[in-house]
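# Descriptive analysis of the structure
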Amino acid sequence: MAETYVAVDLETTGLNPKTDRIIEIGAVKVEHGTVKDVFDRLIHPGRKIGTFVEQLTGITDDMVKDAPVITEVLPEFLEFAKDAPLVGHNIMFDYSFLKRNVVNAGGSFDRMGVDTLALIRILLPELPKKSLPYVCRYLKIETGTSHRAQDDAKAAAFLYEYVKEHWSLERERLEPKPLLYPVKREVPATLRQKEYLQALLKYHKIDLGLSPESLTKNEASRLIDNIISQHGKMITQRR
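Anyway, here's the lowdown on the structure attached to this text. All figures in this text were calculated on a predicted structure; none of them were measured in a lab.

Attention now goes to the pairing of strand 2 (residues 22-31). The buried fraction of strand 2 amounts to 9 of the 10 residues, a majority that puts the element mostly inside the structure. Both strand 1 (residues 4-12) and strand 2 contribute to a ladder of 9 bridges, which runs antiparallel. Each residue of the ladder has a partner; that of Thr12, found in strand 2, is Ile22. Of the pairings in the sheet, the one linking strand 2 to strand 3 (residues 34-42) comprises 8 bridges and is antiparallel in character. Along strand 3, the bridge assignment pairs Lys29 with Asp37. A loop of 2 residues connects strand 2 with strand 3, the two strands running antiparallel in sequence, and His32 in this loop sits at a positive phi of about 50°.

The structure is reproduced here in C-alpha cells:
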C-alpha cells in the first residue's frame, strides 16, 4: 500500500484527451495518511469553456482569462508530484490528459498509480453508483466542493485512506500499479496553418472561441477541413 503518494484530479473542457483541454489541476501530497501539501492551478485552455462544463465545475471563461497556459503549469505540477505514485478516482482519465500534455511539451511521464474507482467496483459491487461524491457520502467521507479539482483530489485521498484502513487484507489490490497509456508527441500547428485558419475564420465571420496557437497540426487540419466543408473556401476577388 502506498504511504506516500499524490492524489490528483483535473477539470477539463471535455472527455477526450486528444481534443479537449485541462482547465484546472488539483492535487494533494499525502504522507502516512496526512495531507502535507496542496497544489491547485487554473489553466487557460485556449478556447471557450462550454456551458455544460461551466455549470458542472463553476469554472468560467472569466476565471481563466488571465490564467497561465498548460505548458507553464506542467513544470510546477511535475516538481510537486516528483516520482510519487498517483491516486485518483478513474485515475486513467486524469493520467491520459497529463501524459499527453507532458509528451507534447517534450517530456516523459510514466507513473505508478491506484484507481479508487476500480477498488470500489471490487470492494463495494452492490453500490448502485460508483461516482466519487456518491461513494464518499455512502462512507461518510468529507468531500468539499465536488467537481472542483483540489476538493476531488482530497476526496480521492481520503477514500484511499478509508479503503486501506477497512480493507487492509486486500493489500495486493491496494498497491500502486503501472499506469499504461501509450501516446506519441503531437506536432504543433504550422505558422501557415494558423495564418490560413485565422483568415478563414475572419472571412466567414466565425468565432470558435479558441486560439489557433493552442492547436496541433492535426487539429488545425481537421478544423480547416470542417470549416471549408460547412462554409466554403475564401473567394479572392479578381481585379
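On to helix 3 (residues 70-81), then. Over its 12 residues, helix 3 extends 16 Å from the first C-alpha to the last, a length consistent with the 16 Å expected when each residue adds 1.5 Å. For helix 3, the set of buried residues is Ile70, Val73, Leu74, Phe77, Phe80 and Ala81. Along helix 3, the residues classed as buried sweep out an arc of 125° about the axis, all on the same side. Residues of helix 3 that are buried make contact with strand 1, strand 2, strand 3 and helix 4 (91-104). Of the residues trailing helix 3, Lys82 is marked for its positive phi of about 50°.

It is worth spelling out the packing of helix 3 against helix 4 at this point. Packed helix pairs are specified by the crossing angle of their axes together with the interaxial distance, meaning the distance between the axes. Here helix 3 crosses helix 4 at 110°, and the two axes come no closer than 10 Å. One element, helix 3, and the other, helix 4, form an angle in the roughly perpendicular class. The segment helix 3 lies against helix 4, with Ile70, Leu74, Phe77 and Leu78 engaging Leu98, Asn101 and Val102. Here the contact of helix 3 with helix 4 is composed, by residue class, of 6 nonpolar, 1 polar and no charged.

On the surface, a cluster of nonpolar side chains totalling about 200 Å² of accessible area is made up of Val35, Val38 and Phe158. When you line up the elements, Val38 lands in strand 3. Residue Val38 is classed as partly exposed on the basis of its relative accessible area, which comes to 38%.

Taken together, 6 strands build an open sheet; the order of strands is 3-2-1-4-5-6 and the sheet is mixed. The open sheet terminates on both sides in strands that have one partner only, identified here as strand 3 and strand 6 (177-178). Against the sheet, helix 5 (residues 116-123) engages strand 4 (86-88) and strand 5 (112-115), with an angle of about 45° to strand 5.

What follows deals with the packing of helix 9 (residues 191-203) against helix 10 (residues 217-231). Direction vectors running N to C along helix 9 and helix 10 enclose 30°, while the axes themselves pass 10 Å from each other. Considering the angle they form, helix 9 stands roughly parallel to helix 10. Here the hand of the crossing between helix 9 and helix 10 comes out left-handed. The segment helix 9 lies against helix 10, with Gln193, Tyr196, Leu197, Leu200 and Leu201 engaging Lys217, Ala220, Ser221, Leu223, Ile224, Ile227 and Ile228. Across the contact of helix 9 with helix 10, the residue classes break down as 9 nonpolar, 2 polar and 1 charged.

About the criteria used
- Residue positions are given per chain, counting from 1 as you read along its sequence in written order.
- In keeping with the predicted nature of the model, local features appear solely for residues at pLDDT of at least 70, side-chain atom pairs appear and are counted solely at 80 or more, and the whole-chain, interface and lining totals rest on all residues.
- To obtain the side-chain values, all non-hydrogen atoms of the structure were included, while hydrogens and water were left out.
- Buried means the residue's accessible area, taken with a 1.4 Å probe over protein chains only, is under 20% of the maximum for its type, while exposed means over 50%, and partly exposed covers the values in between.
- What counts as a helix is a DSSP run of H or I of at least four residues, what counts as a strand is a run of E of at least two, and both are numbered from the N terminus.
- Pairing between strands is defined by DSSP: at least two bridges between them are needed.
- By this rule the span expected of a helix is its residue count minus one, scaled by 1.5 Å.
- Here the arc refers to the set of directions running from the helix axis out to each C-beta atom.
- Note on definitions: a residue-residue contact is assigned when non-hydrogen atoms from the two residues lie within 4.5 Å.
- The axes are straight lines fitted to the C-alpha atoms, using for helices just the contacting stretch, and the angles between their N-to-C directions are given from 0 to 180°.
- Every angle not falling under 35 degrees, over 145, or within 65 to 115 is termed oblique; those three ranges are roughly parallel, roughly antiparallel and roughly perpendicular.
- Polarity classes work like this: nonpolar for Ala, Val, Leu, Ile, Met, Phe, Trp, Tyr, Cys and Pro, charged for Asp, Glu, Lys and Arg, and polar for all others, with Gly in that last group.
- Like-charged residues are merged into a patch within 9 Å and nonpolar side chains (Val, Leu, Ile, Met, Phe, Trp, Tyr) within 5 Å, provided each residue has over 30% relative accessible area and no salt bridge.
- Computed by Shrake-Rupley with a 1.4 Å probe, the accessible areas treat only the displayed protein chains as cover when residues are assessed.
- Counted as salt bridges are all cases of a side-chain nitrogen of Lys or Arg within 4 Å of a carboxyl oxygen of Asp or Glu.
- Left-handed describes a crossing in which the near helix is turned anticlockwise from the far one by less than a right angle; the clockwise case is right-handed.

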